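Per-entry structural report
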There are 2 protein chains.
Amino acid sequence: MASKSAPRATYAEIAKTAGVSEATVSRVLNGDENVHPDRTKAVNAAVKKLGYKKHRAASALASGRTGLIAVVIDDDLSIFADPFWATVTSGISRVLMENELQTLLMVTPLESVDGPVAHYLMGGEVDGAIFFQLHKDALIKRLRKQNLPIVITGTPHSRSDFPFVDTDSFGGAHAATKHLFSRGCRQVGIITGDIDTTAGAARLDGYNQAYRESGHVPSKKLIASGDWSMESGRAAMARLLEKAEGIDGVFASNDLMAVGAMAAIEEAGLRVPEDIKIIGFDDSVVAQTARPALTSVRQDIVALGEAAAELMIAQLRGEEVQPRILKSELVIRETT
Amino acid sequence: MASKSAPRATYAEIAKTAGVSEATVSRVLNGDENVHPDRTKAVNAAVKKLGYKKHRAASALASGRTGLIAVVIDDDLSIFADPFWATVTSGISRVLMENELQTLLMVTPLESVDGPVAHYLMGGEVDGAIFFQLHKDALIKRLRKQNLPIVITGTPHSRSDFPFVDTDSFGGAHAATKHLFSRGCRQVGIITGDIDTTAGAARLDGYNQAYRESGHVPSKKLIASGDWSMESGRAAMARLLEKAEGIDGVFASNDLMAVGAMAAIEEAGLRVPEDIKIIGFDDSVVAQTARPALTSVRQDIVALGEAAAELMIAQLRGEEVQPRILKSELVIRETT
DNA sequence: CTGAAAGCGCTTACAG
DNA sequence: CTGAAAGCGCTTACAG
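Residues numbered from 1 in each chain as written. Chains lettered and ligands numbered in written order. Predicted model: local features only at pLDDT ≥ 70, side-chain atom pairs only at ≥ 80, totals over all residues. Heavy atoms only, no water.

A short note on the overall build of chain A
In terms of regular secondary structure, chain A is built from 13 helices and twelve strands. Here chain A has a C-alpha radius of gyration of 26 Å; the compact-globule value for 336 residues is 20 Å, and the former is much larger. By its C-alpha atoms, chain A is 85 × 45 × 40 Å across when sized along the principal axes. Counting every position in chain A, which comprises 336 residues, the buried fraction comes to 54%. Across chain A, contacts joining residues at least 24 apart in sequence account for 69% of those joining residues at least 6 apart. (Helix = DSSP H or I, 4+ residues; strand = E, 2+ residues; numbered from the N terminus. Rg over C-alpha atoms; globule rule 2.2 N^0.38 Å. Buried < 20%, exposed > 50% of the residue type's maximum accessible area, 1.4 Å probe, protein only. Contact = heavy atoms within 4.5 Å.)

Some details on the relation of the copies chain B and chain A
When chain B is fitted to chain A, the best match, at an RMSD of 0.0 Å, comes from turning it 180 degrees and sliding it 0.0 Å along the axis. Taken together, the turn and the small shift mark the pair as related by a two-fold rotation axis. (Least-squares fit on C-alpha atoms with pLDDT ≥ 70 in both.)

Observations regarding the protein's contact with DNA strand D
Around DNA strand D, 26 residues are found, and the nearest of them are Tyr 11 and Tyr 52 of chain A together with Thr 24, Arg 27 and Arg 39 of chain B. Taking the atoms of DNA strand D that fall within 4 Å of the protein, sugar and phosphate contribute 68% of them. The backbone of Ala 58 of chain A places a nitrogen or oxygen atom 3.3 Å from a base nitrogen of DNA strand D. Separating a phosphate oxygen of DNA strand D from a side-chain N or O atom of Arg 65 of chain A is a distance of 2.9 Å. Within the residue set of the surface near DNA strand D, elements represented by two or more residues are helix 2 (22-29) and helix 4 (56-63) of chain A together with helix 2 (22-29) and helix 4 (56-63) of chain B. Each residue belonging to the surface near DNA strand D can be placed in one class, and the counts come to ten nonpolar, ten polar and six charged. (Near = heavy atom within 4 Å. Polar contact = N/O pair within 3.5 Å; in protein donor to acceptor, adjacent residues only side chain to side chain. Nonpolar A, V, L, I, M, F, W, Y, C, P; charged D, E, K, R; others polar.)

A look at the UniProt feature "domain: HTH lacI-type" (unreviewed entry) in chain A
Taken from the UniProt record, the annotation "domain: HTH lacI-type" (unreviewed entry) applies to residues 9-63 of chain A. A helix fraction of 69% and a strand fraction of 0% characterise residues 9-63 of chain A, whose end C-alpha atoms lie 20 Å from each other. (UniProt positions renumbered as here; feature names shortened; annotations may be inferred.)

Here's the deal with the sheet that holds strand 11 (residues 324-326) of chain B
Strand order in the open sheet formed by twelve strands is 11(A)-5(A)-4(A)-3(A)-1(A)-2(A)-2(B)-1(B)-3(B)-4(B)-5(B)-11(B), and the pairing between neighbours is mixed. Two strands in the sheet have a free side with no partner beyond their single neighbour: strand 11 (324-326) of chain A together with strand 11 of chain B. Direction aside, neighbouring strands of the sheet carry axes that sit 20 degrees apart on average. Note: strand 5 (residues 164-167) of chain A against strand 11 of chain A, three bridges, orientation parallel. By the bridge assignment, Val 165 of chain A is partnered in strand 11 of chain A with Arg 324 of chain A. Lying over the sheet, helix 8 (residues 138-145) of chain B contacts strand 3 (128-132) and strand 4 (150-153) of chain B, oriented at roughly 155 degrees with respect to strand 4 of chain B. (Pairing = 2+ DSSP bridges. Axes fitted to C-alpha atoms, helices over the stretch in contact; angles between N-to-C directions.)

Observations regarding the packing of helix 8 (residues 169-182) of chain A against helix 9 (residues 198-213) of chain A
Residues and elements named next belong to chain A. Contact pair helix 8 / helix 9: the axes reach a minimum separation of 7 Å and the direction vectors enclose 40 degrees. It follows from the interaxial angle that helix 8 and helix 9 lie oblique. Once helix 8 is placed against helix 9, the crossing between them reads as right-handed. Between helix 8 and helix 9, the residues in contact are Ser 169, Phe 170, Ala 173, His 174, Thr 177, Lys 178 and Phe 181 and Ala 199, Ala 202, Arg 203, Asp 205, Gly 206, Tyr 207, Gln 209, Ala 210, Tyr 211 and Glu 213, respectively. (Parallel < 35°, antiparallel > 145°, perpendicular 65-115°, else oblique. Left-handed = near helix turned anticlockwise from the far one by under 90°.)

Here's the deal with the packing of aromatic side chains
Under the defined criterion, the tally for this structure stands at nine aromatic pairs over all chains. Judged by centre distance (5.5 Å) and plane angle (65 degrees), the rings of Tyr 207 of chain A and Tyr 211 of chain A are edge-to-face. Of the two residues, Tyr 207 of chain A and Tyr 211 of chain A are both situated in helix 9; the distance of four residues between them amounts to about one turn of the helix. Put simply, the rings of Phe 181, Tyr 207 and Tyr 211 of chain A touch in pairs and so form one group of aromatic residues. Over the ring of Phe 281 of chain B we find Arg 203 of chain B, and its NZ or CZ is 3.7 Å from the ring centre. (Phe/Tyr/Trp six-rings, centres within 6.5 Å; stacked < 30°, edge-to-face > 60°. Lys NZ or Arg CZ within 6 Å of the ring centre and 35° of its normal.)

Re the interface of chain B and chain A
Residue-level contacts link 62 residues of chain B with 63 residues of chain A. For the pair chain B and chain A, the summed buried area comes to about 5100 Å², and 62% of that belongs to carbon and sulfur atoms. Where chain B meets chain A, there are four salt bridges. For Arg 291 of chain B, the salt bridge identified is with Glu 266 of chain A, shortest N-O distance 2.7 Å. One can count eleven residue pairs in polar contact (both at pLDDT 80 or more) joining chain B with chain A. (Buried area = accessible area lost by both parts, 1.4 Å probe. Salt bridge = Lys/Arg side-chain N within 4 Å of Asp/Glu carboxyl O.)

Regarding the protein's contact with DNA strand C
Thr 24, Arg 27 and Arg 39 of chain A together with Tyr 11 and Tyr 52 of chain B are the nearest of the 26 residues found near DNA strand C. In DNA strand C, atoms within 4 Å of the protein come from the sugar-phosphate backbone in 68% of cases. Within the side chain of Asn 34 of chain A, a nitrogen or oxygen atom sits 3.2 Å from a phosphate oxygen of DNA strand C. Tyr 52 of chain B places a polar side-chain atom, nitrogen or oxygen, 2.4 Å from a phosphate oxygen of DNA strand C. Secondary-structure elements contributing two or more residues to the surface near DNA strand C are helix 2 and helix 4 of chain A together with helix 2 and helix 4 of chain B.

Considerations on the domain arrangement of chain A
Along its sequence, chain A is organised into domain 1 (11-54), domain 2 (68-167 + 302-327) and domain 3 (169-298). Here domain 1 of chain A and domain 3 of chain A have C-alpha centroids that lie 61 Å from each other. (Domains from an automatic or database assignment.)

A word on helix 1 (residues 11-18) of chain A
Residues and elements named next belong to chain A. Residues of helix 1 that are buried: Tyr 11, Ile 14, Ala 15 and Ala 18. Down the axis, helix 1 shows its buried residues gathered within 100 degrees of arc, on one side only. On the buried face of helix 1, the contacting elements are helix 2 and helix 3 (37-50). A positive backbone phi angle near 70 degrees is found at Gly 19, which sits one or two residues after helix 1. (Arc of directions from axis to C-beta.)

A look at the nonpolar core
Ile 191 and Met 237 of chain A together with Ile 191 and Met 237 of chain B are the most contacted members of the largest nonpolar core, which totals 80 residues. With residues up to four places along the chain from it excluded, the contact list for Ile 191 of chain A reads Ala 224, Gly 226, Gly 233, Ala 236, Met 237, Leu 240, Val 250, Phe 251, Ala 252, Ser 253, Met 257 and Ala 261 of chain A. Among the nonpolar cores identified, the runner-up in size contains 59 residues, and Ile 92 and Leu 96 of chain A together with Phe 132 and Ala 309 of chain B belong to it. (Core = buried A, V, L, I, M, F, W, Y, C linked by side-chain atoms within 4.5 Å.)

Things to note about unusual backbone geometry
In this chain, Val 272 of chain B is followed by Pro 273 of chain B through a cis amide linkage whose omega measures 5 degrees. In this structure, Pro 273 of chain B sits in the loop between helix 12 (255-267) and strand 9 (277-282). Cis peptide bonds are those with omega within 30 degrees of zero, and the linkage from Arg 291 of chain B to Pro 292 of chain B qualifies with -10 degrees. Along the chain, Pro 292 of chain B falls in the loop between helix 13 (285-289) and strand 10 (295-298). Even without being glycine, Trp 228 of chain A reaches a positive phi, approximately 85 degrees.

Structure, rendered in structure tokens:
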């Protein structure tokens, strides 16, 4: 049932063909500096000759290090539509692999701090865990208390000392809003995402800041709230059209809501970008397929994953780590 | 550096508190039937009391079973835009977890049969591997020769005996084409995907079959080839508009090409669905955000992942497995 | 800089 | 149905 693989080499054989002890083999394979160059060479040669690959389980049992990093993804429905985590994870996986670490993927509901995932993570089965933006910090706090290296993708709520990586939502929203003004808009509205998320709040802040820098104060009427869904964007836009007379630009906090807003604008008999200019956030495939094609704030999602992996590796090395905020970039298409 | 986790319980402690030998503990924990119920009960109680979790590395070293299933994803660019593999993988992960197996994610270029991934998989580091539609079978053949359980997501080229799971592309294309006829279309075209892929070929076959059933033979002029990209769909549609006079329906082999086709139709001054009806395949987010919203063939992608995991588990149990083809479903929206 | 030896926490013939 | 014992393939004080 299990693989009847070719008989694999062990330390014993390497030690014999290199003429050293198994302890020395171990030292060389673990990068111990204090080994005579000649022996190092001999061991490396034997390793190559025998096509040796270290047995992970044996190594893990003896050393306590598993070589496995968990990537924990909250299993709510949004992941089924959203390529975001997949892309981040591919960046994570690549960097981990380069560092001889493997990615253990756990897609699971996180409701319970005492769920199977929690047990697993606390049981020393992995060397570290990377989480996607979570709402409850309880689990993470517990894991940290046990000295399990943690990285969070997305900004955590409680600005505790969790290492995290995120895209600069504030900066992206700020740039988007400024761009609308520079294109001649006078009344720029915003469709917010869920304001209880840090990303939702930061994008609103960026909008407000840019508005103030333009010398005006955004009227409450220009702010409509959505929940990241296309439908909420459509409804929010309909409200803006009704309340905010003269509105001629809209920053939607993600692409899906932007596309919903475009539908509402069209339904009202207005045109994009002639009557109302619009910008989304994420530069997802939806932005590219929209007609007119949607101007959007691009996050470098692969880089986000790579940064997360790098923070993890730094912690594994015992280094102090700082949060990492990645720049976003405005991709200008036809809606502005 | 490694987690300084709470001292975990071991067999020794369980054996002591349950009043049995470690061998018996092992038997109970591995579901051995031949243990006296009383002892079984005692062991289970001790496990619960001590909050015991089996140490995976130790178990793997002793038994040769790692409890890890690799999910291998070819790292070409398409994955960055396509939520498909992410969704499949979430289905896989869920089912594996329920069966006490973990998902080891490997995102990597597969170019070399002798790459690090190959070594890893052949080194007995995992109990099985699930692949996403691959072009070269060499690696997989080698792994099978070593009795490594394999599942392929997507139909393999060489109809060898690899266990695979796939959505019924033929049936979906067939239903889509029939639906266009039933909506009154007379000249139904197809925009194919990459015809060298099994999915691309099967969708074309389904179209041809439905066409013939309608009592006609599809003219060559009604067939335009794309490469799954939006841009290729746009170009293919432009060609159809030029060559296939009177075309009034199009089945595009995926949503992205359908959206491209819609753009081309609009650019030609025609309307969807009044002048030309159109159907996509995948029912992706793009189908939902398109205007008019795109009728599309839905695959149950999560179910695909679950089926893949189930085939893997069956193999692990030593059962014979058959390929699994999942039904697709037409989701009717505004373009037909 | 190096080796002999103990040990990591399970599993599994083997003998009963 | 059960236990004593050997062993899985590494790592790591310890002593030199």
